[in-house]
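# Structure at a glance
Now for the letters of each chain:
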Amino acid sequence: MNPKVHAVRTGLQRGWTEFKMSIKSPQDQGFYLFIALVTMLYLFVNRDSKVEGTDLYLPTVALPSILGAMVAFALVIGPAYTLAMEREDGTLLRTRAAPFGLIGYVAGQVLNMSLGLIPSFAVLLIPSAFLFGEVMHQGMAGWISVVWLVVLGLLATMPIGIVIGSLAPNVQKVGTWGMMPILVLLGISGIFYPIQDLWAWVQVVAQVFPMYWLGLGMRSAFLPDAAAAVEIGGSWRTLETVLILSAWAIFGLSIAPVVLRRMARRQSGSQVAAARDEAAQWVR
Amino acid sequence: MPETETVIQVEGLRMRYGSVDVLDEVGFTVRRGEVVTLLGPNGAGKTTTIEVLEGFRVRSAGDVSVLGVDPIDAPEEWRAHVGIVLQSWRDHARWTPRGLLTHLGRYYEPYSEPDRPRPRDVEQLIALVGLEKQADQKIRTLSGGERRRLDAAVGIVGRPELLFLDEPTAGFDPEARRDFHGLVRRLVDLEDTTILLTTHDLDEAERLADRILILASGRIVADGSVDELARSVSREAEVRWRQDGESHAERTTDPTGFVRDLFARFGDEVRDLDMRRATLEDTYLAMVHRHESGVGGDGDEAFEEVDR
């Protein structure tokens with residue numbers, strides 16, 4: 001058997017194992033519970049406010065946007081933190097010591113992070129359906145749109161996370177180089193208030209990045225067609241969504257492997273030891 | 001394969017950070033089935049050397065060949081033949097030893113050979129490192145010593161021809177250390193594994209090594225068996241005995257002859273006889289000191305007796 005294919009398969013088994021461990025872990029269950037509670041609280045408080053220009057209520061419109069934001073957030077910040085952390089604690093080095101271990105490691109991460117979206121979606125969609133009624137206004141076609149959008153979103157955002165995680169000098173710096181810019185981008189991407197209310201140049205910036213398009217795409221998948229009236233240009237701009245997300249995917253997939261390999265090549269036992277000493281030293 | 005097959009060949013290895021040479025013209029060879037220990041004070045470049053050989057560090061200059069290839073651009077297949085015992089910290093906290101060994105072992109499946117089945121059977125491996133009781137515990141809950149034994153198991157799961165051990169028993173209690181030494185000897189005796197290890201523990205070096213390399217200030221200052229090294233530093237031994245209730249001590253280059261003579265002259269009067277040659281510790285400290293203080297020329301001359 002081709003050893004590369006074998007390593008990918010081994011890595012996928014790893015990803016599946018890690019996903020199972022994650023759902024069983026109280027730490028990760030707590031995380032899912034937390035995002036569910038915060039989101040439901042926000043939606044519930046605003047359950048009676050109408051969205052201007054439509055006859056829809058805020059939870060209906062905000063929920064798809066939040067799902068889009070979550071894909072972007074989870075798939076950039078998730079791999080970034082995991083990579084920076086597992087580089088420090090020696091996980092990466094261990095897998096790299098095995099033949100084609102790095103390939104396996106990446107395959108495992110991709111699967112694990114992708115599967116992680118399932119519980120994230122479930123904890124938002126299920127309680128929403130109970131609290132606010134029907135969330136999907138497009139029937140089966142809508143769910144199919146959600147699937148291709150998530151796949152495209154995965155390809156567009158995960159490489160960015162891998163690049164941030166590879167370039168960040170340590171775990172704390174992922175906050176500065178990863179978390180902050182992503183939160184700012186999410187803030188201007190029309191998820192919590194309409195993008196048209198922002199300055200023109202901010203709108204331009206927001207439309208360069210995949211976060212806005214993931215939110216828009218999710219709204220187009222969930223909401224009735226009439227709701228497109230409140231979007232920029234009065235349209236779901238599906239073609240643009242596909243093009244921009246694909247562009248990010250191509251860009252990310254072409255640079256992430258290079259950056260990752262460069263970072264992995266510099267890994268060594270003494271680096272892990274240095275990181276351990278650094279972590280033990282709180283006051284610097 | 002021939003007995004004298006060279007597994008590691010290092011020539012003129014140099015490692016420079018800025019203007020500081022951490023390694024300066026390091027050269028040595030390791031033959032198949034040998035256990036070679038790299039000794040040296042902190043900062044002498046032991047870990048750097050081993051990381052260059054593992055392919056985890058780019059050298060500044062020199063020729064390095066490990067199992068016939070340059071580790072820095074070795075193909076991934078090469079990793080199947082090389083085992084590395086890493087000092088783990090908190091990785092794979094949610095995994096169990098059995099789960100992790102099974103998973104990592106899978107990477108070696110395509111490289112199995114009739115006389116070297118890969119990976120190693122996980123149950124046997126767990127027994128080999130004595131982790132039967134902890135096999136299904138979360139790795140997070142293992143003690144320091146148990147973790148290090150798991151590290152050793154991960155290092156040999158692919159049944160490597162060559163094994164790198166960087167301070168393998170740091171943090172072990174004496175019993176765990178003795179067990180680990182037994183494991184290393186078994187790997188050598190049963191599977192013809194070549195081993196390069198670094199350690200601070202001179203007793204460990206003496207127990208395990210066929211050959212010792214002493215690295216000081218980035219240079220190899222000695223290369224030989226424990227006996228050869230001891231002889232190169234001092235040919236004298238100290239003989240102590242008691243006679244008529246009094247302690248005596250005498251330094252001599254011919255302890256056997258001296259003692260024979262002693263008994264011939266005094267017979268039963270000689271009591272509590274003790275003969276002490278220079279220990280590895282004496283040798284090591286003398287060599288490192290001699291080199292670091294620059295006594296004895298550039299270091300190499302002082303040890304020309306060492307059999308290279």
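Predicted, not measured: the structure shown is a model, and the values here were computed from it. (Residues numbered from 1 in each chain as written. Chains lettered and ligands numbered in written order. Predicted model: local features only at pLDDT ≥ 70, side-chain atom pairs only at ≥ 80, totals over all residues.)

Let's shift gears to the interface of chain A and chain B. Interface size is often expressed as the accessible area that is lost when the parts come together. Counting residues at the interface gives 29 residues for chain A, matched by 29 residues for chain B. Looking at the side of chain A that touches chain B, the elements with two or more residues in it are helix H1 (3–24), helix H4 (91–96), helix H5 (101–132) and helix H11 (269–280) of chain A. Examining the composition of the side of chain A that touches chain B, we find that eight residues originate from one element, H1 of chain A, more than from any other. Each residue belonging to the side of chain A that touches chain B can be placed in one class, and the counts come to 11 nonpolar, 13 polar and five charged. (Contact = placed C-beta atoms within 7 Å. Helix = DSSP H or I, 4+ residues; strand = E, 2+ residues; numbered from the N terminus. Nonpolar A, V, L, I, M, F, W, Y, C, P; charged D, E, K, R; others polar.)

Right, let's get into the sheet that holds strand S4 (residues 61–66) of chain B. Residue and element names in this part refer to chain B. With respect to topology, three strands assemble into an open sheet ordered S2-S1-S4, the strand pairing being antiparallel. Only two strands of the sheet have a single neighbouring strand rather than two, namely strand S2 (20–31) and S4. Across the sheet, the mean angle separating the axes of adjacent strands is 15 degrees when strand polarity is ignored. In this sheet, S2 lies alongside strand S1 (residues 6–17) in antiparallel orientation, the contact comprising eight bridges. Paired with Arg16 across the strands is Asp21, a residue of S2. (Pairing = 2+ DSSP bridges. Axes fitted to C-alpha atoms, helices over the stretch in contact; angles between N-to-C directions.)

Counting 141 residues, the largest nonpolar core has Ala72, Phe73 and Val76 of chain A together with Leu101, Ala153, Leu196 and Ile214 of chain B as the members making the most contacts within it. Excluding its chain neighbours within four sequence positions, the residues that come into contact with Leu101 of chain B are Val122, Leu125, Ile126, Ala153, Val154 and Val157 of chain B. (Core = buried A, V, L, I, M, F, W, Y, C linked by C-beta atoms within 7 Å. Buried ≥ 20, exposed ≤ 12 C-beta atoms within 10 Å, placed from the backbone.)

We now examine the domain arrangement of chain B. If you check the domain split of chain B, you get domain 1 (6–227) and domain 2 (235–277). The C-alpha-based centres of domain 1 of chain B and domain 2 of chain B are spaced at 43 Å. (Domains from an automatic or database assignment.)

Next up on the list: the confidence of the model for chain B. With 94% of its residues at a pLDDT of at least 70, chain B reaches an overall mean of 86. Throughout residues 296–308 of chain B the model reports pLDDT below 50, and contacts reaching past four residues in sequence, or to other chains, amount to 22 contacts. (pLDDT = per-residue confidence, 0-100.)

Along the chain, the position of Leu125 of chain A falls in helix H5. Taking the C-alpha atoms as reference points, Leu125 of chain A and Leu63 of chain A, separated by 62 residues in sequence, lie 8.1 Å from one another.

Our focus in this paragraph is the sheet that holds strand S7 (residues 194–199) of chain B. Residues and elements named next belong to chain B. The strand order across the open sheet formed by six strands is S5-S6-S7-S3-S8-S9, and the pairing between neighbours is mixed. Looking at which strands have only one partner, the edges of the open sheet turn out to be strand S5 (82–85) and strand S9 (219–224). The average angle at which neighbouring strand axes cross in this sheet is 15 degrees, direction not considered. Relative to strand S8 (residues 211–216), strand S3 (residues 35–39) runs parallel, the two sharing four bridges. Within S8, the residue paired with Val36 across the bridge is Arg211. In the packing of helix H10 (residues 280–292) onto the sheet, contacts are made with S3, S8 and S9, and the angle to S8 comes to roughly 35 degrees.

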